[in-house]
There are 2 protein chains.
Amino acid sequence: MTVTLADVAARAGVSSATVSRVLNGNYPVADGTRTRVLRAVDELQYVVNGPASALAAATSDLVGILVNDVADPFFGIVASAVQSEMGGEGVTGAGQKLAVVCNTGGSPERELTYLTLLRRQRAAAVVLTGSAVEETAHSTALADRLRHLAAGGTRIVLCGRPPLPPRSGTTEQPPAPAEDGVVTLTFDNRGGSHRLTAHLLTLGHRRIGYVTGPADRSTTRHRLEGHRRALGEQAPEALAEAERLTVHGGAYDRSAGYDGALELLRRAPDLTAVLAANDTVALGVCAALRDRGLRIPEDVSVGGFDDLPFAADASPALTTVRLPLHEAGARAGRLALGLETPPPGDVATVRADLMVRASTAPPAPR
Amino acid sequence: MTVTLADVAARAGVSSATVSRVLNGNYPVADGTRTRVLRAVDELQYVVNGPASALAAATSDLVGILVNDVADPFFGIVASAVQSEMGGEGVTGAGQKLAVVCNTGGSPERELTYLTLLRRQRAAAVVLTGSAVEETAHSTALADRLRHLAAGGTRIVLCGRPPLPPRSGTTEQPPAPAEDGVVTLTFDNRGGSHRLTAHLLTLGHRRIGYVTGPADRSTTRHRLEGHRRALGEQAPEALAEAERLTVHGGAYDRSAGYDGALELLRRAPDLTAVLAANDTVALGVCAALRDRGLRIPEDVSVGGFDDLPFAADASPALTTVRLPLHEAGARAGRLALGLETPPPGDVATVRADLMVRASTAPPAPR
DNA sequence: CTGTTAGCGCATTCAG
DNA sequence: CTGAATGCGCTAACAG
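Because the structure is a prediction, the values reported are computed rather than measured.

J.: Teacher, can you tell me more about empty space enclosed by the protein here?
T.: Which parts of space are left empty comes out when a probe the size of a water molecule is rolled across the atoms. Residues and elements named next belong to chain A. Evaluated as defined, the whole model comprises seven cavities of 30 Å³ or more. Roughly 50 Å³ of internal volume is contained in the largest cavity. Considering the residues around the largest cavity, the lining is formed by Asn68, Thr104, Gly106, Ser107, Pro108, Glu111, Ser131, Ala132, Val133, Arg161 and Arg217. Here the lining of the largest cavity is built from residues that sort into three nonpolar, five polar and three charged.

J.: What am I meant to see in the packing of aromatic side chains here?
T.: Describing an aromatic ring pair means giving the distance of the ring centres and the angle of the ring planes. Residues and elements named next belong to chain B. A full pass over the atoms with the stated rule returns two aromatic pairs over all chains. Aromatic side chains Phe74 and Phe75 sit 4.9 Å apart centroid to centroid with 70° between the ring planes, which places their arrangement in the edge-to-face category. By the burial criterion, Phe74 is buried, and Phe75 matches it. Its guanidinium or amino end placed over the ring of Phe305, Arg223 lies 3.8 Å from that ring's centre, counting from NZ or CZ.

J.: I would appreciate a short explanation of the side chain of B:Asp306 in the present structure.
T.: Within the secondary structure layout, B:Asp306 lies in the loop between β9 (301-303) and α13 (309-313). Those residues in contact with B:Asp306, other than ones at most four positions away along the chain, are B:Phe74, B:Arg223, B:Asn278, B:Asp279, B:Thr320, B:Val321, B:Arg322 and B:Leu323.

J.: I would appreciate a short explanation of the domain arrangement of chain A in the present structure.
T.: Accessible area lost during the coming together of the parts is what is often quoted as the interface size. Residues and elements named next belong to chain A. According to the domain assignment, chain A contains domain 1 (5-44), domain 2 (54-168 + 327-350) and domain 3 (189-323). The gap between the C-alpha centroids of domain 2 and domain 3 is 31 Å. At the interface, 12 residues of domain 2 touch 11 residues of domain 3. Taken over both partners, the interface formed by domain 2 and domain 3 buries close to 950 Å², and the fraction arising from carbon and sulfur atoms is 53%. Considering only the side of domain 2, the residues that lose the most area to domain 3 are Phe74, Ser131 and Glu134, jointly responsible for 51% of the buried surface there. There are one salt bridge connecting domain 2 and domain 3. For Arg221, the salt bridge is made with Glu134, and the minimal N-O distance between the two is 2.7 Å. The interface formed by domain 2 and domain 3 contains four residue pairs in polar contact (both at pLDDT 80 or more). Each residue belonging to the side of domain 2 that touches domain 3 can be placed in one class, and the counts come to six nonpolar, four polar and two charged.

J.: Help me out: how do you make sense of the sheet that holds strand β9 (residues 301-303) of chain A in this one?
T.: Remark on secondary structure: sheet strands pair via backbone hydrogen bonds, oriented parallel or antiparallel. All names here are of chain A. The four strands are arranged β7-β6-β8-β9 in an open sheet whose pairing can be described as parallel. Two strands lie at the open edges of the sheet, namely β7 (246-248) and β9, each paired on one side alone. Within the sheet, the average angular offset between the axes of one strand and its neighbour, ignoring direction, is 15°. Pairing analysis gives three bridges linking strand β6 (residues 208-212) to β7, with the strands arranged parallel. Each residue of the ladder has a partner; that of Val211, found in β7, is Val247. Against the sheet, helix α9 (residues 218-234) engages β6, β7 and β8 (273-276), with an angle of about 165° to β6.

J.: Just to check I follow, could you spell out the interface of chain B and chain A for this structure?
T.: Contact residues are listed per partner, giving 43 residues for chain B and 43 residues for chain A. The contact between chain B and chain A buries some 4100 Å² in all, and 57% of this surface belongs to carbon and sulfur atoms. Counting the surface chain B buries against chain A, the share from its top three residues, B:Pro51, B:Leu98 and B:Arg120, is 16%. Applying the counting rule to chain B against chain A returns two salt bridges.

J.: Help me understand the pattern of salt bridges in this model?
T.: Opposite charge on two side chains permits pairing when their charged atoms draw close. In this structure the tally under the stated criterion is 50 salt bridges over all chains. The partner of A:Arg351 in a salt bridge is A:Glu327, and the shortest N-O contact between them spans 3.6 Å. Taken together, the residues A:Arg351 in the loop between β11 (347-350) and β12 (353-355) and A:Glu327 in helix α14 (residues 325-337) connect sequence positions 24 residues apart. Accessibility expressed as a relative area gives 46% for A:Glu327, which makes it partly exposed. Note that B:Arg207 and B:Glu241 form a salt bridge whose closest N and O atoms lie 3.4 Å from each other. Pair noted here: B:Arg207 is in the loop between α8 (189-203) and β6 (208-212) and B:Glu241 is in the loop between α10 (236-240) and β7 (246-248), with a separation of 34 residues, a long-range link. In this structure, a network of salt bridges that share partners links the residues A:Glu85, A:Arg331, A:Arg334 and A:Glu340.

J.: Is there a simple way to explain the protein's contact with DNA strand C in this structure?
T.: Around DNA strand C there are 24 residues in total, and A:Leu5, A:Tyr46, B:Thr18, B:Arg21 and B:Thr33 lie nearest to it. In DNA strand C, atoms within 4 Å of the protein come 60% from sugar and phosphate. In the environment of DNA strand C, a base oxygen lies 3.4 Å from a nitrogen or oxygen atom belonging to the backbone of B:Ala56. For the surface near DNA strand C, the secondary-structure elements that each account for two or more residues are α2 (16-24) and α4 (50-57) of chain A together with α2 (16-24) and α4 (50-57) of chain B. In terms of residue class, the surface near DNA strand C is made up of 14 nonpolar, eight polar and two charged.

J.: I tried to follow the confidence of the model for chain A on my own but got confused; where do I start?
T.: Detailed reading of the predicted coordinates is not advisable wherever pLDDT is low. For chain A, mean pLDDT is 91; residues scoring 70 or higher make up 94% of the total. Counting contacts from residues 170-178 of chain A, a segment whose pLDDT is below 50, to residues more than four positions away or on other chains yields two contacts.

J.: Where do I start with the relation of the copies chain B and chain A in this structure?
T.: Note that the two copies of the chain are related through a rotation about an axis and a translation along the same axis. When chain B is brought onto chain A, the operation consists of a screw motion whose angular component is 180° and whose axial shift is 0.0 Å, with 0.2 Å RMSD remaining. Such values leave the two copies arranged in the relation of a two-fold axis. Using C-alpha coordinates, one finds that chain B approaches the rotation axis most closely at B:Pro51, a distance of 2.0 Å.

J.: In this structure, what is going on with the protein's contact with DNA strand D? I would like to understand it.
T.: In the vicinity of DNA strand D there are 24 residues, among which A:Thr18, A:Ala30, A:Thr33, B:Leu5 and B:Tyr46 approach most closely. Sugar plus phosphate, as a fraction of atoms of DNA strand D within 4 Å of the protein: 66%. A:Thr33 is positioned such that a nitrogen or oxygen atom in its side chain is 2.4 Å from a phosphate oxygen of DNA strand D. The contact in question runs from a phosphate oxygen of DNA strand D to an N or O atom on the side chain of B:Asn24, over 3.3 Å.

About the thresholds
- Residues numbered from 1 in each chain as written.
- Chains lettered and ligands numbered in written order.
- Predicted model: local features only at pLDDT ≥ 70, side-chain atom pairs only at ≥ 80, totals over all residues.
- Heavy atoms only, no water.
- 1 Å grid on protein atoms, 1.4 Å probe; cavity = no way out; pocket = protein on both sides within 12 Å on 5 of 7 lines; lining within 4 Å.
- Points joined across faces, edges and corners; volume = space filled by probe spheres on them.
- Nonpolar A, V, L, I, M, F, W, Y, C, P; charged D, E, K, R; others polar.
- Phe/Tyr/Trp six-rings, centres within 6.5 Å; stacked < 30°, edge-to-face > 60°.
- Buried < 20%, exposed > 50% of the residue type's maximum accessible area, 1.4 Å probe, protein only.
- Lys NZ or Arg CZ within 6 Å of the ring centre and 35° of its normal.
- Helix = DSSP H or I, 4+ residues; strand = E, 2+ residues; numbered from the N terminus.
- Contact = heavy atoms within 4.5 Å.
- Domains from an automatic or database assignment.
- Buried area = accessible area lost by both parts, 1.4 Å probe.
- Salt bridge = Lys/Arg side-chain N within 4 Å of Asp/Glu carboxyl O.
- Polar contact = N/O pair within 3.5 Å; in protein donor to acceptor, adjacent residues only side chain to side chain.
- Pairing = 2+ DSSP bridges.
- Axes fitted to C-alpha atoms, helices over the stretch in contact; angles between N-to-C directions.
- Near = heavy atom within 4 Å.
- pLDDT = per-residue confidence, 0-100.
- Least-squares fit on C-alpha atoms with pLDDT ≥ 70 in both.

Here it is as structure tokens:
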């Protein structure tokens, strides 16, 4: 019914082993034979049986990309960048990886589930993107599972989240990096956030509201830490009331920003700036401010994070911190394919640059 | 090294067939045996070898979801809805499908490539979402490949695109539906667009600009057709200059709307309304109008399409046509799993409802 | 209800 | 450079 290697072999007048060799291209085959085989493949419309070859070779061409939210452009950009590196070899060719995105919805359970599903498929690699859930039980479970996968030959790349915690159970010196083949590309969230807050402080702002991302997420924590550190360094007096000026948004979405800004306004009607966990949240903040009759940046300055495409388009254009999402995703893809040598220590930090635009300005004179 | 079915069988003191049966749960097994096996599975941390089982069973648990643009929320919503239906059976269980999204970037070639990759994996199902590229060579190639897949046991669902063209080569009567097991959920783009334009005409608008989506896409064409039909029915005089008032946007993105609106204003400074191919484009239109000093809806009314979450949040809230994206995606998922019986004729049309909001109003009196 | 027996389609030794 | 033979890990008859 379905055409197999043997069919192609018969048609080309060679053995199936030879067909396999030309298809995988990792073995010398005479030119004449090769073309004959290729022609047969074409005429028969032969398509490799993935499972069979995965079984025999003990490795598949599946590459999983785990994202927290497919509907969020942040992940869309990273995912498509990862995929962009998987093109190779043309359609017929082997080596064609099937890059595939798995939507965890930010749920630790689904993250784990996908990981076993991918393990079951003997995935060639898996790339985990975006912030990690910081809950001890989950993170050790996750680390365990990832190390299992890595041990089974699956390449693991973390993109946009912190490195795995050191192996559980061992009481070694903490500075020893994982050393387990898991490569990490982590964003400089603390640094970027620090620079953004410093920018506001330099403009003269002292009462700066902050709407965080969801709790228990590494990114949420790091960005807040960077903010607080800048405050501590440049305006210790502002740090004192930082807690009161911080609202915990429940998600990285617009309504978190909208509601958060209203709450901030309630707590401190005299604030002169609001920083948000990311650009989407920032847009919600802007909407709330406008609904309250406040002008941006004349009355209140606003800052975001990520620099998604719409940030520059917003009105006013949003001051934010740029994360080179596409670049990082592409690099993660190459790392996943083993096309690029891992950074020393298997951890690299990706820069986060301040982008000053129209949504921030000096506070209005009182 | 890696633990296999046989290892589990040995440990549980049964045959490997029995282990297979409890794992797949589709065969009677004594309760005592079952628990013994399950315990062994657990102790050994056994994970099924997907490729091996796919090879033996001639079908895998992979479900592919093809989307035109992962970074676009339209697809994110549909994709996550499809995935939401794949939960089943708990983590250990078999039957767990690996739903996986493939980003074609709107490229016909990548679409075809993914299809062969999925065929190679013997995917259980594939769901193609969003508008189809309307180019004869490609659509027949696509239809061919899909029918191959279907013949090979892969379930095919089209969601948000028109049904496949009738089988090439046969000169049968056109009304005969495909009858090849490909199920289609098509959106009522023409009808929705018709209702939106009718709404504007009823308000009194006569000079209505239109910014289309990318050329060669089914969705682009259908929406434009609905618009023109409404014009023809209710305002034949307006239809006459419809061509001049139509700008072809190059993509479903914001800048297409921005540039398109500027071009429209150049051609017809006196237009009173602008319709866009979708909400994202509409937002670009709004930005351009505002930059030109025009108020919405006092000076110009604006309408979108899709009703993505941000449409209701925009200011002013966008009048648009609501597509039940989540509902349609979930249904596509169930259809892909064979959990729901296909509609008669294997084609169902999904409704598109007009959502009147603040961005449309009667034209200003002259 | 459970064990035995064959392959599934391909990648690899190992010989030629 | 090429062919023949073996087995990857599992499922599906087929017996018991």
